[in-house]
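# Coordinates in review
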Number of protein chains: 2
Amino acid sequence: MKLESFLPYRLNRAAAIASRQFSAIYRNDFNLTVPEWRTLATLGQFGAATATEIGEHSAMHKTKVSRAVAALQRRRWLVRHTNEQDRRIEHLSLSAAGRSAYAKLAPKMLAFEDAMIRKLDPEDQEALAKGLVALERALGIDRKTSLLSQRSENETPGEDDLRDRRRRVA
Amino acid sequence: MKLESFLPYRLNRAAAIASRQFSAIYRNDFNLTVPEWRTLATLGQFGAATATEIGEHSAMHKTKVSRAVAALQRRRWLVRHTNEQDRRIEHLSLSAAGRSAYAKLAPKMLAFEDAMIRKLDPEDQEALAKGLVALERALGIDRKTSLLSQRSENETPGEDDLRDRRRRVA
DNA sequence: TTGTGATAGTTGCAAACGTAACTATCAAGC
DNA sequence: GCTTGATAGTTACGTTTGCAACTATCACAA
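Looking at an unreviewed UniProt entry, one finds chain A named MarR family transcriptional regulator and attributed to Pelagibius litoralis.

In structure tokens, the structure reads:
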């Protein structure tokens, strides 16, 4: 058994190291936890989502999402709108303050990501992108995200300034 | 900001989902936690290591390793040998019972990994392997693991039965 | 209309976690 | 032979986590 080649081991290690580096940014700037940042980023991108959707999209436990949402709401970065057709559902979206924080944070995160990706040869970037997409498909990730991905078609315009990135992995 | 393409987000999601599936195996069979399994696997492969080495190799916090080692020792799966040249250092290795558990578990884990990898096209397997190696290099992982990787050259033979896998990612 | 099962989200509680502080040990310089 | 600083590993403590149980709501059927 070679740990050096054992896929889940390597994935977790790489994810942990990368996450530690990235989280330093939003922890320093805004004292955000990882689940809070993920929730902020999801809402920043998709405009609105339910807690369940956020959890499925980011593979976070529903209690984790629930607490992150509560924390963001306490900061007044997030608002809830109960669906009147089905009162169990709460549509979440960012307040002006939340969007402002997201607008400050997102470019920093993307710049840091670019710096990380640029450490790879272009052909390695391609390979990572291709391999990761295939792995996500094998893990059944594309299906879980379909709901939100579709909705992202008709997001509210006006905050698109962050979305025109030049060169992305996948 | 496209979460769909944001590297640390995707890495963490894939790692979390994969880890959840894999951990079900050793949790069911032996009631092992993730850190305990990682420690067991590291010692099972390398024969012996210090707690610091295990932590660096698997990107686990030293307190996490310390607790996992203590738990494995409580099961009598692990023994400590204080280095007499430097009495701060403890060389850890598996007991017969520990090796036995590892021998039962490792083939299951590898079989499950094979099933997961086989969901990918061969060219996607290659791409993932290539991309992951490059990413690890960019994250500085290869350096951290060098100590243990070198030692793995002269491991004790006799437990090599698990190491002759045919087709591996990386 | 009442009951049954399902779903969205929250919370109590015990387990797991990371930070910081600790012990024990070592090497190096004075 | 003492200090000083560094390292290996453990532990106390407050925080975060996940499981299970909970509330509230809905759809559907007897």
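### Considerations on helix α4 (residues 62–74) of chain B
Turn by turn, an α-helix covers 3.6 residues, leaving residues three or four places apart pointing in a common direction. Residue and element names in this part refer to chain B. Compared with an ideal rise of 1.5 Å per residue, which puts 13 residues at 18 Å, α4 spans 18 Å between its outermost C-alpha atoms and is within 8% of the ideal. Buried within α4 are the following residues: Val65, Ala68, Val69, Ala71 and Leu72. Looking straight down α4, one finds that the buried residues subtend no more than 160° of arc, so they occupy a single side. With respect to the buried face of α4, the exposed residues turned more than 90 degrees away are Arg67 and Arg74. Those residues of α4 that are buried lie in contact with α2 (34–46), α3 (51–58), β2 (78–82) and β3 (90–94). Following α4 by one or two positions, Arg76 has its phi on the positive side, about 65°.

### Notes on the relation of the copies chain A and chain B
Superposition of the two copies of the chain requires a rotation about an axis together with a shift along that axis. Once turned by 180° and shifted 0.0 Å along the axis, chain A lies on chain B with an RMSD of 0.1 Å. Classification of the inter-copy transformation places it as that of a two-fold axis. By C-alpha distance to the rotation axis, the residue of chain A lying nearest is Ala127(A), at 2.2 Å. An overlap of 100% is found between the interface residues of chain A and their copies at the interface of chain B, pointing to a shared contact surface.

### Re the protein's contact with DNA strand C
Taken together, 21 residues are adjacent to DNA strand C, and Thr52(A), Ser66(A), Arg80(A), His61(B) and Arg67(B) come closest. Each atom of DNA strand C within 4 Å of the protein belongs either to a base or to sugar and phosphate, the latter forming 59%. Contributions of two or more residues to the surface near DNA strand C are made by α3 (51–58) and α4 (62–74) of chain A together with α4 of chain B. The greatest single-element share of the surface near DNA strand C, amounting to four residues, is contributed by α4(A). Here the residues of the surface near DNA strand C are counted per class, giving three nonpolar, eight polar and ten charged.

### What to know about the sheet that holds β2(B)
Residues and elements named next belong to chain B. Read across the open sheet, the three strands follow the order β1-β3-β2; overall the sheet is antiparallel. Pairing within the sheet leaves two strands with one partner each, and these edge strands are β1 (48–49) and β2. Those strands touched by α2 are β1, β2 and β3, and its axis lies near 90° from that of β3.

### With respect to the confidence of the model for chain A
Per-residue confidence for chain A averages 87 on the pLDDT scale, and 84% of its residues sit at or above 70. In the model, residues 149–170 of chain A has pLDDT below 50 throughout and makes 43 contacts with residues more than four positions away in sequence or in other chains.

Reading the values: the criteria
Per-chain numbering applies: the sequence of each chain, read as written, is numbered from 1 onward. Chains carry letters and ligands carry numbers; both start at the beginning, A for chains and 1 for ligands, and go up in the order they are written. Restriction of local features to residues with pLDDT of at least 70 applies here, the model being predicted, together with a cutoff of 80 or more for giving and counting side-chain atom pairs; totals for whole chains, interfaces and linings are based on all residues. Just so you know, side-chain values use all the structure's heavy atoms and leave hydrogens and water out. Strands here are runs of E lasting at least two residues and helices are runs of H or I lasting at least four, both read from the DSSP assignment and numbered beginning at the N terminus. One fewer than the residue count of a helix, multiplied by 1.5 Å, yields its expected span. In this scheme, a residue with accessible area under 20% of its type's maximum is buried, one over 50% is exposed, and one in between is partly exposed, where area comes from a 1.4 Å probe on protein chains only. Directions drawn from the helix axis to the C-beta atoms are what define this arc. It only takes one pair of heavy atoms within 4.5 Å for two residues to be counted as in contact. Superposing copies: least-squares fit, C-alpha atoms only, residues required to have pLDDT of at least 70 in both. For this description, a residue counts as near a given molecule or strand if any of its non-hydrogen atoms is within 4 Å of it. Gly falls in the polar group here, along with every residue not listed as nonpolar (Ala, Val, Leu, Ile, Met, Phe, Trp, Tyr, Cys, Pro) or charged (Asp, Glu, Lys, Arg). When DSSP finds two or more bridges between a pair of strands, those strands are recorded as paired. Here, axes are lines fitted to C-alpha atoms. For helices the fit covers the stretch in contact, and angles between N-to-C directions go from 0 to 180 degrees. One number per residue, pLDDT, summarises how confident the predictor is, and it ranges from 0 to 100.

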